[in-house]
There are 2 protein chains.
Amino acid sequence: MSNNKTLAQMNTDIEEARQKANFSINSMLNMLRGGEEAVKKLNDLRQLAENEPIFSKAETPFQSRQEQLYHSLLISKRMIELIEEKNMDDEQFANLFRHIELLTPAQGTTEQSDKWYTAAKRHAIIGCYAQTELGHGSNVLGLNTVAVYDQKSDEFVVHSPDITAAKWWIGGLGVACTHAVVQAQLIINDKSHGPHLFIVPVRSPFDLKPCRGITVGDIGPKAYGGFATTDNGFALFDHVRIPRDNMLMKFAHLSKEGKYTPPIHMKLSYGSMVKLRVDIVTDAAWKLGKAVTIATRYCTVRRQFHNPPSFKFDNNRPEAQVISYSSVQHRLMPLLSTAYALIISGEAMYTKFNTLMEQLEVNNATMLPEVHATSCALKSWSTRRSTDGMEECRKAMGGHGYSIFSGVSELFATFVPSNTYEGDNFVLAQQVARFLLKQLQNVVQGKEVTSTTAEYLNTLAEGTTNPYEFQNPNEEILDPNVQLKIFSMRSARLVADLGQQLQSGREWSDLNMECWSVNLAHAEYLILKDMICKVDTMRATPEQAELADTMKTISDLFCLSTLGYSSLATFLSTSTIHPSDLSRLNEQYRATIAKVADNAVALTDSFGFTDHELNTALGKKDGRAYEHLWDAVQKNPINHGEENEKLTKLVLNILHSGNNLEYVKASKL
Amino acid sequence: MSNNKTLAQMNTDIEEARQKANFSINSMLNMLRGGEEAVKKLNDLRQLAENEPIFSKAETPFQSRQEQLYHSLLISKRMIELIEEKNMDDEQFANLFRHIELLTPAQGTTEQSDKWYTAAKRHAIIGCYAQTELGHGSNVLGLNTVAVYDQKSDEFVVHSPDITAAKWWIGGLGVACTHAVVQAQLIINDKSHGPHLFIVPVRSPFDLKPCRGITVGDIGPKAYGGFATTDNGFALFDHVRIPRDNMLMKFAHLSKEGKYTPPIHMKLSYGSMVKLRVDIVTDAAWKLGKAVTIATRYCTVRRQFHNPPSFKFDNNRPEAQVISYSSVQHRLMPLLSTAYALIISGEAMYTKFNTLMEQLEVNNATMLPEVHATSCALKSWSTRRSTDGMEECRKAMGGHGYSIFSGVSELFATFVPSNTYEGDNFVLAQQVARFLLKQLQNVVQGKEVTSTTAEYLNTLAEGTTNPYEFQNPNEEILDPNVQLKIFSMRSARLVADLGQQLQSGREWSDLNMECWSVNLAHAEYLILKDMICKVDTMRATPEQAELADTMKTISDLFCLSTLGYSSLATFLSTSTIHPSDLSRLNEQYRATIAKVADNAVALTDSFGFTDHELNTALGKKDGRAYEHLWDAVQKNPINHGEENEKLTKLVLNILHSGNNLEYVKASKL
């Protein structure tokens, strides 16, 4: 293996791409990660995690699910030790937990009185949150598990009427949990009061045997090998008795006499649902960022085909970098801008969420509908686009993208269920549409829409249905006001159309797809607005001003790729854009994509992922993709020792059947 | 578990849906599968496969890749025994092989003289086909492995200059193969003659040890757990000597004196590439059909939410069938029509391919460019749409779609690499565009386009750029001539635009995305044309005439969903459709989707998949999804015996740390 020219070229390619940056990677990193202090904290956490050999994922690709589960339990054990060793507080522990991204069995939630909390914290018990049932996921009101109050004994009888009521998908319930927080219909004197929460012991903390009346176990592997380190479990309850005290009474209350007091702070619990969705948006952003980082780096160092094409074998002339293909740029750069945009929008959402929570604490719920709708729109948009985007990144990497060592398939496998959990995206879209229709009513009634995220509906009062009138589309489209105007026109028209369809007598249930279009358009408007706002803020912030132009270009690419490609259909179908303007808009799109592509490696470096975090052979910082892939494969147990012997023996058994051995000898094969 | 009402309802739901069919499922099955005789043959094959317990995939979800590989070797062994036991001929064996869909290590290709063929057939040797390299996949001309002719010894010296030249991804090379058919640059007297094929012994048939100068092994797991039963391998050659005879000389020839005669029948080898792509199109059709069958059945029996919504817990009122949601119909029914359309187009392609091969045998290559372009367009379109479609089916199944037991994720995992192999889809798109641009030149030069698949370009001579003028869009759109007219207008305009872009000076390499759009539009035109043609043929065929209306509805849905949704953007951007016609077209789309939805279960039954083939818990014929899922999970090794003990021990280790046990006793938890 003397000729290492090609290999050295890979490192040169990535370094040259890195040097081309026309902005400071370090400043961008600090901006994205929330400042120097935050970056330092993150690095400390990384240091801690990388120093723990047990946290390494190097063996994962070669393990069965059972082995992966065992490994993740070992990690849980080590993490608990670390709390004491490093004297970690709750926040540090939570950060470490998030950072290592290993979904472990011990992640169950226990939000209860001191009694349960203390026990769970010292891991004397392990809790989980059991809502979903075999036959009921999205529709919480339709859950079939019941908790019937028995006043005589001051107990609840928790029961699953049939297997469709079995709790299912419950993280931690598969092998590890001792106690479950169970959502069940509260029944008092034959009257149902809807779903409430009950703490039900499921396994003995002494020997982990199922408690009386409980059938419990693990539901098996997930699609694409995802979530392999989580023991999602099931449980059936056969008239299980628990004391009245085991009902979580923070919200509702039941007296010994059977007097029920319904929850008063319902809206506070809404808050935590919003929080979960905001977390998902941020997760979507960074995970997409990882996929884009890997794909951009690999496509920078991968060379394939001569450009212009050559039909002669010429080992001395380097082929073209794959990142230089227009199709590869078109597939990756808009995703890069999407990752940036979602980081910014996630940040903005956190700010709004915190304000909401402060107001809710003083019983002011004015912001709730809007923040709720925003969180639904962004959650459904971001999970769909980021998981589709991860797969696109993987495909753009060619054949090796299909190796487990690309590291991209794992991102998709563990994140794709986000399309379903915390509200199925198509269900959430209906809630967004409902919110906007309510706002639309104001316009219809001649009033102003005051909700800041929907004030664009006011423009409907102008009554125009013409396309936006450009003079010079390719220049004007860079004006943020024009961009926002176009995005709001489209969204407003889709909302208005939905309203008209309803008025014309179509059923709500027949309008799912119209809601979906409204949802996408609304989300894209919100994200673009956040980006534009961020660029303005950056210009006004001394330490970020130098980055504002770069961010403006990313924002422009988000706008242009949405307008010209991913959502082109609705811009045209609503006549927001006239087809004759497309070719000039497309010119600007190409110019913008070229600007971003020139900085692509630097822009992905700015996410600041370590090689350890990325867990990839193909997208490491040094660009030496083929060497790392080679190294990863050498660890394959199939190539060595016992595993290899076992397989070899069986192959020889096939080869040597009949008189094959003599045949081979005779034929000198 | 006394209340089995919900469970019984599931079976009732699927049976009622089945009974609604307004056509004969059996006739449709015969039509799709090529007649009664073919169905009988298939059933015999199924019987054979189902009688072999070793062929069962029931344990697969719980196995590590090593175990899956071992299992697939056991299957290979059994299959070889079956050849003798059942006295199978080559075709029967190949059919069985395809049918069980287990990619086994012993699938390597050996197309060589009798010597190799006979040895491989009796499994005295195991062959594989080694083309792709670590650093070279798509670009065959750029392969780096060399075979240098050494006239003195009458041998070739096969060598990999560096690790980027390592053969990679080679199916069967990981653990099983003894001989590889290697693509390498033929070098004679320092002159390269391009890639040629050489048989290189890689492992001894006696002990399976690597031959001298060979480094060989398995490249490890694939994305999403796909291809787990194939030992894709790598090999490095360090000056490996093979006799001159080991060069495959069917096409090119090299004399002992070093005189090289280039291939004359190059075009025949093109033929086999076309064949591979046609096979992929058909595979895409049936695999998508499986996913749609599973999703349609599960969504028919799954109930979720009351319709209209109810905010009270009411266990007695059944919730709505998920298949009744307009979003679910919109996501699944167009995919159902796509599966049908691809079966039809695949059939049509086989016919064209056979004619081509007959003509090539008599050195007539007139049809080649057109058939080649058609195969490229359909391969790239079908693999993209069918794999995207499988994921959409999975997502439409809600949370349980994410269980391995849905059976859909496995389809995606093993078929998604088809986007890359046998020509990366984006590379193929360029070849389609090149073909169409050549045809366009005729129009520009005032000549007629004679190629039947591209004659629509002739309409460009009319010079109109107006949208199609509808009087009553919702009625006219059902006229096949109107449908074809619109699809051809769009495609022609995209080709013309691509030509203009080139003429205006844009680089070919800058036009990848324009080629992609052309490719999609051309493929959709071809498929629609095949469907329309099929409906006509069916009307004229006595035993199929009764099905023609049903097929017409499916064809209409393919047309309307492509026009109104999946490819709406280009119909509007080319001004083929005016936005003002969309609402009436959409009316017809909804009416058509409703017709197909009414027959959905019957239309998927018509594919004729057995439960065994579908390998699903959620989409079995009897609709009892939850019971089957429950049963599948009970086999989970994590819930029993040794595996369970091992995990339990570790959890107890965590629970009992410090004085937790005493704490639990004291707190009575």
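About the thresholds
- Residues numbered from 1 in each chain as written.
- Chains lettered and ligands numbered in written order.
- Predicted model: local features only at pLDDT ≥ 70, side-chain atom pairs only at ≥ 80, totals over all residues.
- Heavy atoms only, no water.
- UniProt positions renumbered as here; feature names shortened; annotations may be inferred.
- Helix = DSSP H or I, 4+ residues; strand = E, 2+ residues; numbered from the N terminus.
- Rg over C-alpha atoms; globule rule 2.2 N^0.38 Å.
- Buried < 20%, exposed > 50% of the residue type's maximum accessible area, 1.4 Å probe, protein only.
- Contact = heavy atoms within 4.5 Å.
- Areas by Shrake-Rupley, 256 points an atom, 1.4 Å probe, with all protein chains shown as cover.
- Lys, Arg positive; Asp, Glu negative; His and termini not counted.
- Charge placed at Lys NZ, Arg CZ, Asp CG, Glu CD.
- Phe/Tyr/Trp six-rings, centres within 6.5 Å; stacked < 30°, edge-to-face > 60°.
- Least-squares fit on C-alpha atoms with pLDDT ≥ 70 in both.
- Pairing = 2+ DSSP bridges.
- Axes fitted to C-alpha atoms, helices over the stretch in contact; angles between N-to-C directions.
- Patch = residues over 30% accessible without salt bridge, like charges linked within 9 Å, V, L, I, M, F, W, Y side chains within 5 Å.
- Salt bridge = Lys/Arg side-chain N within 4 Å of Asp/Glu carboxyl O.
- Buried area = accessible area lost by both parts, 1.4 Å probe.
- Polar contact = N/O pair within 3.5 Å; in protein donor to acceptor, adjacent residues only side chain to side chain.
- Nonpolar A, V, L, I, M, F, W, Y, C, P; charged D, E, K, R; others polar.
- Core = buried A, V, L, I, M, F, W, Y, C linked by side-chain atoms within 4.5 Å.
- Domains from an automatic or database assignment.
- Parallel < 35°, antiparallel > 145°, perpendicular 65-115°, else oblique.
- Arc of directions from axis to C-beta.

- Per an unreviewed UniProt entry, chain A goes by Acyl-coenzyme A oxidase and derives from Thamnidium elegans.
- Quoted straight from UniProt, the Cofactor (unreviewed entry) entry for chain A says "FAD".
- For chain A, the Sequence similarities (unreviewed entry) comment in UniProt is given as "Belongs to the acyl-CoA oxidase family."

1. Brief notes about the overall build of chain A
At step 1: Scanning chain A for helices and strands turns up 22 helices and eleven strands.
At step 2: The C-alpha atoms of chain A give 28 Å as radius of gyration, which agrees with the globular expectation for 669 residues (26 Å, within 12%).
At step 3: For chain A, the spread of C-alpha atoms along the principal axes amounts to about 90 × 85 × 55 Å.
At step 4: A total of 669 residues make up chain A; the buried ones form 59% of that total.
At step 5: For chain A, contacts bridging at least 24 residues in sequence account for 71% of all contacts bridging at least 6.
At step 6: On chain A, roughly 26300 Å² of surface is accessible, and the fraction owed to carbon and sulfur atoms is 51%.
At step 7: Counting 67 positive and 76 negative side-chain charges, chain A places the averaged centre of each group 3 Å from the other.

2. Considerations on the packing of aromatic side chains
All names here are of chain B.
At step 1: What the rule picks out here adds up to 44 aromatic pairs over all chains.
At step 2: For the ring pair Y149 and F156, a centre distance of 5.4 Å and an interplane angle of 55° mean the geometry is tilted. In terms of burial, Y149 and F156 fall into one category: buried.
At step 3: Centroid distance F156 to F198: 4.9 Å. Interplanar angle 70°. Geometry classified as edge-to-face. Here F156 is found in strand 3 (residues 155-159), whereas its partner F198 is found in strand 6 (residues 191-201), with 42 residues between them in sequence.

3. Considerations on the relation of the copies chain A and chain B
At step 1: The transform that puts chain A on chain B rotates by 180° and translates by 0.0 Å along the axis, for an RMSD of 0.0 Å. Both chain copies can therefore be described as sitting about a two-fold axis.
At step 2: Interface overlap between copies: 99% of the residues of chain A at the interface are likewise at the interface in chain B, consistent with a symmetric, same-surface contact.

4. A closer look at the sheet that holds strand 8 (residues 233-237) of chain B
Paired through their backbone hydrogen bonds, the strands of a sheet run either parallel or antiparallel.
At step 1: Spatially, the three strands line up as an open sheet ordered 4-8-7 (chain B), and their pairing is antiparallel. The sheet is open, and its two borders are formed by strand 4 (167-170) and strand 7 (214-218) of chain B, each paired with just one other strand. Each adjacent strand pair in this sheet contributes to an overall mean axis angle of 15°, direction not counted.
At step 2: Along the sheet, helix 20 (residues 625-634) of chain A contacts strand 4, strand 7 and strand 8 of chain B; its crossing angle with strand 8 of chain B, the most-contacted strand, is approximately 115°.

5. Comments concerning a negative patch on the surface
At step 1: Among the surface-exposed residues, E67, E642, E643 and E645 of chain A together with E67, E642, E643 and E645 of chain B lie close enough to one another that they form a single negatively charged patch.
At step 2: Contributions of two or more residues to the negative patch are made by helix 21 (641-655) of chain A together with helix 21 (641-655) of chain B.
At step 3: When you line up the elements, E643 of chain B lands in helix 21.
At step 4: Judged by relative accessible area, E643 of chain B falls into the partly exposed class, the value being 31%.

6. Some points on the interface of chain A and chain B
At step 1: Taken together, the contact pairs 154 residues of chain A with 154 residues of chain B.
At step 2: Buried surface at the junction of chain A and chain B, summed over both partners, amounts to about 13600 Å²; 66% is from carbon and sulfur atoms.
At step 3: Where chain A packs against chain B, one counts two salt bridges.
At step 4: Of the charged contacts, one joins E392 of chain A and R384 of chain B as a salt bridge, the two residues approaching to 2.4 Å between their closest N and O atoms.
At step 5: If you look at where chain A meets chain B, you find 46 residue pairs in polar contact (both at pLDDT 80 or more).
At step 6: Of the residues contributing to the side of chain A that touches chain B, the split by class is 72 nonpolar, 55 polar and 27 charged.

7. Remarks on the UniProt feature "active site" (unreviewed entry) in chain A
Residue and element names in this part refer to chain A.
At step 1: According to UniProt, the positions carrying the feature "active site" (unreviewed entry) are E422.
At step 2: Mapped onto the elements of the fold, E422 is located in the loop between helix 10 (408-415) and helix 11 (425-444).
At step 3: Beyond its immediate chain neighbours, meaning those up to four positions away, E422 contacts L276, R277, I280, K379 and L428.

8. Some words on the environment of L368 of chain A
At step 1: Among the secondary structure elements, L368 of chain A is positioned in helix 9 (residues 368-396).
At step 2: For the pair L368 of chain A and Y589 of chain A, spaced 221 residues apart in sequence, the C-alpha separation works out to 37 Å.

9. Structural notes on the pattern of salt bridges
At step 1: This model, assessed by the stated rule, comprises 67 salt bridges over all chains.
At step 2: R490 of chain B is the salt-bridge partner of E524 of chain B, the closest N and O atoms lying 2.6 Å from each other. In this pair, E524 of chain B is assigned in helix 14 (residues 512-540) and R490 of chain B in helix 13 (residues 480-503), connecting sequence segments 34 residues apart.
At step 3: Given the relative accessible area of 0%, E524 of chain B is considered buried.
At step 4: The partner of R539 of chain B in a salt bridge is D549 of chain B, with the nearest N and O atoms 3.0 Å apart. Here D549 of chain B lies in helix 15 (residues 548-566) and R539 of chain B lies in helix 14, a separation of ten residues in the sequence.
At step 5: Take R539 of chain B: its relative accessible area is 42%, and that puts it in the partly exposed class.
At step 6: Residues participating in the shared-partner salt-bridge network are E52, K77, R78, E81 and E85 of chain A.

10. A few points about the UniProt feature "binding site: FAD" (unreviewed entry) in chain A
Residues and elements named next belong to chain A.
At step 1: The UniProt record annotates "binding site: FAD" (unreviewed entry) at T132 and G171. Despite a sequence span of 40 residues, these residues sit close together in the fold, their greatest C-alpha distance being 10.6 Å.
At step 2: The topology assignment puts T132 in the loop between strand 1 (127-130) and strand 2 (146-150).
At step 3: Classification of T132 by relative accessible area gives partly exposed; the value is 26%.
At step 4: Leave out the neighbours within four places in its chain, and T132 touches G137, A166, K167, W168, W169 and I170.
At step 5: Structurally, G171 is set in the loop between strand 4 (167-170) and strand 5 (179-188).

11. Focus on the sheet that holds strand 7 (residues 214-218) of chain A
At step 1: One open sheet holds the three strands; their spatial order is 4-8-7 (chain A), and the pairing between them is antiparallel. Edge positions in the sheet fall to strand 4 and strand 7 of chain A, since each of these pairs with one other strand and no more. Neighbour-to-neighbour, the strand axes of the sheet open up by a mean angle of 15°, direction not taken into account.
At step 2: Here strand 7 of chain A runs beside strand 8 (residues 233-237) of chain A; their pairing, made up of five bridges, is antiparallel. When the sheet's bridge partners are listed, D218 of chain A is paired in strand 8 of chain A with G233 of chain A.
At step 3: Across the face of the sheet, helix 20 (residues 625-634) of chain B comes into contact with strand 4, strand 7 and strand 8 of chain A while running at roughly 115° to strand 8 of chain A.

12. Section: the pairing of strand 6 (residues 191-201) of chain A
Residue and element names in this part refer to chain A.
At step 1: Bridge count between strand 5 and strand 6: nine bridges; the pairing is antiparallel. What sits directly across from A180, in strand 6, is V200.
At step 2: Counted along the chain from strand 5 to the antiparallel partner strand 6, the turn is two residues long, and its residue N189 has a positive phi close to 50°.

13. Here we look at the nonpolar core
If you look at soluble globular proteins, the nonpolar side chains tend to sit buried side by side.
At step 1: Grouped together as the largest cluster of nonpolar side chains are 302 residues, with contacts concentrated most on W168 and M333 of chain A together with W168, M333 and L457 of chain B.
At step 2: When residues of this core are assigned to domains, at least three map to each of domain 1 (105-264) and domain 2 (269-605) of chain B.

14. Some points on the pairing of strand 5 of chain A
Residue and element names in this part refer to chain A.
At step 1: Counted residue by residue, strand 5 has ten buried out of ten residues, so it is predominantly covered.
At step 2: Sheet topology note: the strand 1/strand 5 ladder contains four bridges and is parallel. Bridging across to strand 5, C128 finds its partner in A180.

15. Observations regarding the packing of helix 11 of chain A against helix 14 (residues 512-540) of chain A
Residue and element names in this part refer to chain A.
At step 1: Between helix 11 and helix 14, the shortest axis-to-axis distance is 8 Å and the interhelical angle comes to 75°. The orientation of helix 11 with respect to helix 14, classified from their angle, is roughly perpendicular. Contact residues: N425, F426, A429, Q430, V432, A433 and L436 in helix 11; N512, M513, C515, W516, V518, N519 and H522 in helix 14.
At step 2: Its residues assigned to classes, the contact of helix 11 with helix 14 shows nine nonpolar, five polar and no charged.

16. Some details on unusual backbone geometry
Residue and element names in this part refer to chain B.
At step 1: Phi is positive for N363, which is not a glycine, with a value near 60°.
At step 2: Turning to its location among the elements, N363 is positioned in the loop between helix 8 (326-361) and helix 9 (368-396).
At step 3: Although it is not a glycine, S575 adopts a positive phi angle of roughly 55°.

17. A few points about helix 22 (residues 660-667) of chain B
Helical geometry note: an α-helix holds 3.6 residues per turn, so side chains three or four residues apart project in the same direction.
At step 1: Looking at helix 22 of chain B, one finds that the buried residues are N660, Y663 and V664 of chain B. Relative to the axis of helix 22 of chain B, the buried residues are bounded by an arc of 100° and lie together on one face. Structural note: helix 22 of chain B exposes K665 and A666 of chain B on the side pointing more than 90 degrees away from its buried face.
At step 2: The elements touched by buried residues of helix 22 of chain B are helix 6 (114-121) of chain A together with helix 21 of chain B.
At step 3: Count one or two residues on from helix 22 of chain B and you reach K668 of chain B, which has phi positive near 50°.

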